[in-house]
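# Chains, contacts and geometry: an overview
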Amino acid sequence: AAWGSAHFGRLGQSNSDDMHVPALVEGMRGKRAVEAACGSYASLVRTETGHVWSWGGRELQPPSPRRIPLGGSACSIGCSGGHSIVAVGDILPNLADAALAAEVGFQMAPSRALLSEPLLLELGPDASLVEQRIAADADPNEVVRQLQQLRAMLKREEMRRDRVNAE
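So, here's what we can say about the structure. Counting from 1, residues in each chain are numbered in the order their sequence is written. Totals for whole chains, interfaces and linings use all residues, but because this is a predicted model, local features are given only for residues with pLDDT of at least 70 and pairs of side-chain atoms are given and counted only at 80 or more. Calculation of side-chain values draws on the structure's entire complement of heavy atoms; hydrogens and water are dropped beforehand.

This next bit is on the overall build of the protein chain. To qualify as a helix, a DSSP run of H or I must reach at least 4 residues; to qualify as a strand, a run of E must reach at least 2; elements of each kind are numbered from the N terminus. Of regular secondary structure, the protein chain possesses 4 helices and 8 strands. Overall, the protein chain shows an N-to-C arrangement of helices and strands of β-β-β-β-β-β-β-β-α-α-α-α. Burial status across the protein chain gives 28% buried among its 167 residues. Summarising the internal contacts of the protein chain: among those between residues at least 6 apart in sequence, 37% fall at separations of at least 24. Accessible surface area values rest on a Shrake-Rupley calculation with a 1.4 Å probe, where residue burial reflects the displayed protein chains alone. Summing over all exposed atoms, the protein chain offers an accessible surface of approximately 11,200 Å²; the carbon and sulfur share of this is 56%. Using a 1.4 Å probe on the protein chains alone, a residue whose accessible area is under 20% of its type maximum counts as buried, one over 50% counts as exposed, and one in between counts as partly exposed. Two residues form a contact once any of their heavy atoms are found within 4.5 Å.

Encoded structure:
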């Protein structure tokens with residue numbers, strides 16, 4: 001929800017009327033915000049998926065919230081005056097850290113697969129496909145291409161397993 005001065009569309013509404021009580025930003029319906037930042041001209045919201053949404057600016061017509069392509073998952077945002085900043089990236093744990101986190105009940109982010117060393121060796125060059133992190137704003141065509149490669153790899157492995165089991 002947003003309220004206050006709607007000048008420059010910074011409240012994310014379809015009009016430029018000031019709001020004196022909180023009003024839902026319609027373009028954000030269904031998205032779970034975890035961080036918000038407001039500047040003199042625009043507002044930013046970071047969602048739980050690492051996407052960043054922005055609205056406002058120096059436009060005549062108030063813009064609807066739009067997702068900002070980042071090339072990675074946002075971990076922090078900030079606004080001040082006419083400037084905005086987004087910290088992109090996340091800390092990727094090693095296997096020992098992941099095991100310790102699981103032991104104490106901490107759930108790691110699902111954005112990355114953690115593979116054991118023996119499995120990495122067995123997969124060889126295909127391991128990079130499995131272990132690769134998918135950016136929050138990844139090109140869908142590239143994701144589909146990589147998914148097809150993974151499916152082909154899975155099919156090869158299933159055929160290999162069936163041959164071994166038949167012997």
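To continue, consider the nonpolar core. Ala2, Ala6, Leu11, Val25, Met28, Val45, Trp53 and Trp55 together form the largest nonpolar core, which totals 8 residues. Apart from the residues lying within four places of it in its own chain, the contact partners of Ala2 are Leu11, Met19, Val21, Pro22, Ala23 and Val25. Within the second largest apolar cluster, 6 residues are counted, among which are Leu44, Val52, Ala74 and Ile77. Note on terminology: a nonpolar core comprises buried Ala, Val, Leu, Ile, Met, Phe, Trp, Tyr and Cys residues joined through side-chain atoms within 4.5 Å.

This part is about the pairing of strand β5 (residues 52-56). Across the 5 residues that make up β5, a large majority, 5, are buried. In this sheet, β5 lies alongside strand β4 (residues 42-47) in antiparallel orientation, the contact comprising 5 bridges. Its bridge partner being in β5, Ser43 is matched across the sheet by Trp55. Connecting β4 to the antiparallel partner β5 that follows it, the hairpin turn spans 4 residues, and Gly50 within it adopts a positive phi of roughly 90°. A pair of strands is labelled paired if DSSP reports no fewer than 2 bridges between them.

With antiparallel pairing, the 4 strands of this open sheet are ordered in space as β3-β4-β5-β6. Lying at the two open borders of the sheet, with one neighbouring strand each, are β3 (33-38) and β6 (66-68). Neighbour-to-neighbour, the strand axes of the sheet open up by a mean angle of 30°, direction not taken into account. The convention used is that axes are lines fitted to C-alpha atoms, helices contributing only their stretch in contact, and that angles between N-to-C directions extend from 0 to 180 degrees.

With respect to the secondary-structure elements, Ser43 resides in strand β4. Overall, the relative accessible area of 6% leaves Ser43 in the buried class. Once residues within four sequence positions are removed from consideration, Ser43 is found in contact with Arg10, Ala37, Cys38, Trp53, Ser54 and Trp55.

Let us look at the environment of Leu24. Structurally, Leu24 is set in the loop between β2 (19-23) and β3. Taking the C-alpha atoms as reference points, Leu24 and Ala2, 22 residues apart in sequence, are found 6.5 Å from one another. Once residues lying within four places of it in the same chain are set aside, the contact partners of Leu24 are Ala1, Gln13 and Arg29.

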